[in-house]
Every structure is written in structure tokens, then in C-alpha cells.
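Examining the three-dimensional arrangement
Each chain, written out:
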Amino acid sequence: MLDRFGQDVRSLTRIAHVTQAVIITDKNVGPLYAKRTASSLRQAGYRAHILTIPAGEGSKTIDVASELFQALAQLGCARDTLIVSLGGGVVGDIAGFVGATYMRGVPVIHVPTTLLAMIDASVGGKTALDLPQGKNLVGAFKQPEYVCADLTVLSTLDAEQWASGLAELAKMAIITSDEFFFWLSDHASILADCDAACSAHAEILAEALTRAIRAKVDLVAKDEFDTKGVRALLNYGHTLGHALEALSGYAVLHGLAVAEGMRFSVRLACAVCGASLDMVKAQDDLLDALKIPSVPLTPTANKLLVSMHADKKATSQKIRFVLPTDIAHLGLFEVDDETLSIHLKAWVSQRRPKRTSQRRTKQIAEDAQVEEPKKTATRTRKKTATQTEEKEAAQPKTSTRRKAQGATEKKPAAKASTRSRKKPESVAQQSTEAQPQETKKRRTQRKA
Ligand code: GLY
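To start, this report covers the structure provided alongside it. Note that this is a predicted model, so its numbers are computed, not measured. (Residues numbered from 1 in each chain as written. Predicted model: local features only at pLDDT ≥ 70, side-chain atom pairs only at ≥ 80, totals over all residues. Heavy atoms only, no water.)

Focus: the packing of helix 14 (residues 301-310) against helix 15 (residues 337-350)
Direction vectors running N to C along helix 14 and helix 15 enclose 130°, while the axes themselves pass 9 Å from each other. Taken together, the axis directions place helix 14 and helix 15 in an arrangement best described as oblique. As helix 14 packs across helix 15, the resulting crossing turns out to be right-handed. Contact residues: Ala-301, Leu-304, Leu-305, Met-308 and His-309 in helix 14; Asp-337, Leu-340, Ser-341, Leu-344, Lys-345, Trp-347 and Val-348 in helix 15. Grouping the amino acids of the contact of helix 14 with helix 15 by side-chain chemistry returns 8 nonpolar, 2 polar and 2 charged. (Axes fitted to C-alpha atoms, helices over the stretch in contact; angles between N-to-C directions. Helix = DSSP H or I, 4+ residues; strand = E, 2+ residues; numbered from the N terminus. Parallel < 35°, antiparallel > 145°, perpendicular 65-115°, else oblique. Left-handed = near helix turned anticlockwise from the far one by under 90°. Contact = heavy atoms within 4.5 Å. Nonpolar A, V, L, I, M, F, W, Y, C, P; charged D, E, K, R; others polar.)

Section: helix 4 (residues 89-101)
End to end, helix 4 covers 18 Å across 13 residues, agreeing with the expected 18 Å (1.5 Å per residue, within 8%). A large share of helix 4 lies buried, amounting to 12 of its 13 residues. Regarding helix 4, the residues found buried are Gly-89, Val-90, Val-91, Gly-92, Asp-93, Ile-94, Ala-95, Gly-96, Phe-97, Val-98, Gly-99 and Ala-100. Just downstream of helix 4, Met-103 is the residue with a positive phi angle, here 50°. (Expected span 1.5 Å × (residues − 1). Buried < 20%, exposed > 50% of the residue type's maximum accessible area, 1.4 Å probe, protein only.)

Examining the pairing of strand 1 (residues 20-26)
Of all 7 residues in strand 1, 7 are buried, a share of seventy percent or more. Here strand 1 shows a buried face lined by Gln-20, Val-22, Ile-24 and Asp-26 and a second buried face lined by Ala-21, Ile-23 and Thr-25. For strand 1 and strand 2 (residues 47-53), the ladder comprises 7 bridges, and the chain directions are parallel. Counterpart to Ala-21 in the pairing with strand 2 is Ala-48. (Pairing = 2+ DSSP bridges.)

Here we look at the packing of aromatic side chains
Here the structure, examined in full by the defined rule, presents 5 aromatic pairs. Seen from their ring centres, Phe-181 and Phe-182 are 5.6 Å apart, and the 80° between their planes marks the pair as edge-to-face. Overall, the relative accessible area of 10% leaves Phe-182 in the buried class. Centre to centre, the rings of Phe-264 and Phe-321 are 6.1 Å apart; their planes meet at 50°, and the pair counts as tilted. Taken together, the residues span a long stretch of sequence, with Phe-264 in helix 12 (residues 254-272) and Phe-321 in strand 8 (residues 319-326) at a distance of 57 residues. We note that Phe-264, like Phe-321, is buried. Ring-pair connections join several aromatic residues into one group, and the members of that group are Phe-264, Phe-321 and Trp-347. Over the aromatic face of Tyr-46 sits the side chain of Arg-10, whose NZ or CZ is 4.0 Å from the ring centroid. (Phe/Tyr/Trp six-rings, centres within 6.5 Å; stacked < 30°, edge-to-face > 60°. Lys NZ or Arg CZ within 6 Å of the ring centre and 35° of its normal.)

Notes on the pairing of strand 6 (residues 134-138)
The pairing of strand 5 (residues 129-131) with strand 6 spans 2 bridges and is antiparallel. Note on strand 6: the bridge partner recorded for Leu-131 is Gly-134. As consecutive antiparallel partners, strand 5 and strand 6 are separated by 2 residues.

Section: the packing of helix 11 (residues 238-247) against helix 12
At a minimum axis distance of 7 Å, the contact between helix 11 and helix 12 shows a crossing angle of 135°. Looking at the two axes, helix 11 sits oblique to helix 12. Helix 12 is crossed by helix 11, and the crossing has right-handed handedness. In this structure, helix 11 contributes His-238, Leu-240, Gly-241, His-242, Leu-244 and Glu-245 to the contact, and helix 12 contributes His-254, Ala-257, Val-258, Glu-260, Gly-261 and Phe-264. Each residue belonging to the contact of helix 11 with helix 12 can be placed in one class, and the counts come to 5 nonpolar, 5 polar and 2 charged.

Overview of the side chain of His-110
Structurally, the position occupied by His-110 is in strand 4 (residues 108-112). Judged by relative accessible area, which is 4%, His-110 ranks as buried. In contact with His-110, not counting residues within four places along its chain, are Ser-85, Gly-92, Gly-96, Ser-122, Pro-144, Tyr-146, Val-147 and Cys-148.

Section: the nonpolar core
Membership of the largest hydrophobic core comes to 109 residues, with the highest contact counts inside it found for Trp-162, Leu-191 and Leu-340. Broken down by element, the residue count for this core peaks at 11 residues, all from helix 12. Residues within four places of Trp-162 in sequence aside, it is in contact with Leu-115, Leu-154, Leu-157, Leu-191, Ala-192, Asp-193, Cys-194, Ala-197, Cys-198 and Leu-205. Counting 22 residues, the second-largest nonpolar core is a separate cluster that includes Leu-51, Leu-75, Ile-83 and Ala-95. (Core = buried A, V, L, I, M, F, W, Y, C linked by side-chain atoms within 4.5 Å.)

What about the side chain of Lys-216?
Tracing the sequence through the fold places Lys-216 in helix 10 (residues 202-222). A polar contact is formed between the side chain of Lys-216 and the backbone oxygen of Val-123, at a distance of 2.8 Å. For Lys-216, the contacting residues outside a window of four places in its chain are Ile-119, Asp-120, Val-123, Met-172, Arg-231 and Leu-234. (Polar contact = N/O pair within 3.5 Å; in protein donor to acceptor, adjacent residues only side chain to side chain.)

Details of the environment of Thr-25
Secondary-structure assignment places Thr-25 in strand 1. Relative accessible area serves as the criterion here: at 0%, Thr-25 is assigned to the buried category. Note: C-alpha distance between Thr-25 and Ala-55 (30 residues apart in sequence) is 8.6 Å. When near neighbours in sequence (up to four residues on either side) are disregarded, Thr-25 contacts Gly-30, Ala-34, Ile-50, Leu-51, Thr-52, Ile-53, Leu-86 and Val-91.

What follows is the structure, given as C-alpha cells:
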């Protein structure tokens, strides 16, 4: 698919005025696929340039965006320029933002190279930069002209990147329909194995992606600018997830943090909006069957609460959560600090890393507890939350009548360690790239 990318772009009549393309990629993905992408564009008659930024969330800054703007200006890019993002969610976010704003907006095409970016970041037109005060605080909506998701590039993802994408897939199934949820549960053991899913079972991977992307497109079509509380359902698991990411210095991958957030949220939902223990078990079983590893962080409940308040989704007094009452039946709830603190303390004290992430992650354990989970604990505070807003999804309420299926085997926990957030470096304009190393497993970026 990448090899015929230029031809596909050429067939887009909406951008017939484009004469040159600037591929924005990062130092992990560029050496693997930038040359191929540029050569496909050149064969289709475009001038093609490659701009490379450092890999990781640390690149999503105004400084790096400014360097990209200046590089575009130095290349003489005018409104006949197409921006092509080639990479994971970070590259898609910053390249999308640059495309949305350079010369008041030029066309953008995404070529996502992670499972997470294929399902989430490349769909729906959100672009973003981070500020020291928080993630994704600057951005614009910019719908891509086209998204090229070539599944063959996924085989080089490392295990954590793969699991991070699977967590997003699970989230999409949980918020969409019980039919998708049960389909994913049925195919979880195949999809959990990146090599099998990318080779012998590529048709199952393609179906999983098609289902997830369709589901996201449907939600975005109902609420493109995220003002009606429909698109916000995509933030299931994000409130705690963002706090974990921030407290790890963005060492924890987005999807893995969101999976933790979903595990917490469904338990909170038992108290706040009447989710059942069957729902908790069904979700736990799916995440376990997909072999989503635990995040090896055990911050205090207070640190989590402070971090949640710093997140852009927090209002002045209460923290907003997307909570499920059942599969495909979720709403927005504001939870007061007292209630939240009780549940965060319960969650922190009950966590036990089942498959601790092998990512080198900053250990911020201050009150690590490794007791067995007590799944009934979240029900003890049923009446204490303050529900101020509930906007339920359009789907009719369904029940968690069938349990998630699949493997529940556990891997030994790995040691937690440190990986710091990178400082931005200069944008590199490349005319030559390193030799592709397509068999090497890579670590790329994540997306909110
Ligand atoms: N990633 C959340 C959204 O696209 O709205």
C-alpha cells in the first residue's frame, strides 16, 4: 500500500492543486518508511521532502512546531504543499497542527504506523501540541484528505506498542456495541499475538481495525467538534490514564495508561452509576485476554487527584469521567473529590501488577500495595458521588449477559525502571535516510 501511496494521492481530485509533499516523520519511523513514501510520491510526479523530528511526546511542543514552520518556509512551501504525517500519534498530532496552520492551512494526509494511531489519532481530525501546563492544550481540528493505513508496517511494533493499540481497540469495542465487544472477545487470543495477527491472521486484524475505525467515524460524525458529549465518550479511561501518563513523565504508553483508566473507571461506575460486577468482570476478562500489561506505577491517590485537576478536562471543583453502566452504554459524570479520593485509595491499595510493563518506566511508588483485587469494594460508596451531567450514547442499553472469553494466563512481573521525557532537538531535513531495518521491533509514539 505504501508503494502505491503516490498514485492514491494523485487520484484525490480535492487536492489536484498540490505539487509538492512534505513528509513529517520521526527518528524511529523515518529510517524504516520515509524513503519508500517519498519515492512513491516522486513517482506520481510530486516533489517530496522529508522533515524528521525526535521521537516521543517531548516533540509535541510549540518549539518543534516552530522549527517545522521555518523548515517549510525555507523549502519555499506555498499553498500547493501537502503535509504527510508518517508515524504514530505524536507525529500525526504535530504534523496535523502544522498542516492546519501553515499558510492558514494546507492539505494533510496521515500515514499512521502504529496500531493506536490507525484506530485513533489518524481518524477524526484532532491535532495537538502540549504545554508545560498539560497535554494537548493547543490544537486545531483538521480533517485529513486521506488516511493510508498499511497494516504490513505493524509487524515491526514492539510488544508494548502492540498492547497499547489493543487497549484502544478494547476501548472502542466497549463504547460501541456488545456485538463488537463479543467479536473482539472471541478473537482476543489471536489479536494478542502481534506476529500471528500481522501474518497468518491478517484478515482478523483488518476486520478489527475496520470495526474500530467505523465506530470512531460514526461518533465523530455525530459530534465533530467535541461539543455535544458524544465524541467525549472516546475519552473512556482517559481521566486516570492521562494522570498516569503525566506522573510517569510520559514514559507510560497512552493505550496502557488508558487500559488502567478503564479498569478504574468501571469500578468507580459501580458506585456512581450502577455498573454491575458482571460488567467489571467482562471488561477485565477482555483486557486480560488481549494481554494488556499493567502499568508499573503506584502513585498516591492524592498525586493522582492533583494530576487529574491539572488535566484540561477538569472543571474547577469536580473531575469529569466517562463511565459505563454497561457495554455500549456510557455517560459523562462529574465526581467530587471526596468520592474520588475514596475510590482512588481503594484502587491504589488493590492494584496488583499482573503483567507488569517491561517498558523502562520511572518508579514513583510511594505507597505500593500488592494485595489481591477486591472487586466488590467499589460498590460500597454507591450513593456518595454527585452526578451533575449525564449524556448517554445513542445506542439502546444492552446487558453484559455474555462474559468476555479468552486467555487469562499471566506473565511474570518485570521490574519498573526509568525513562525520562526527551528534550526537543532540531528538525532534520533529510535527503538521504538510513537503511530500512524492517525486521527490528520499534518503539514509536503515542496519542491522546
Ligand atoms: N482521541 C479522541 C478523539 O479523537 O476525540
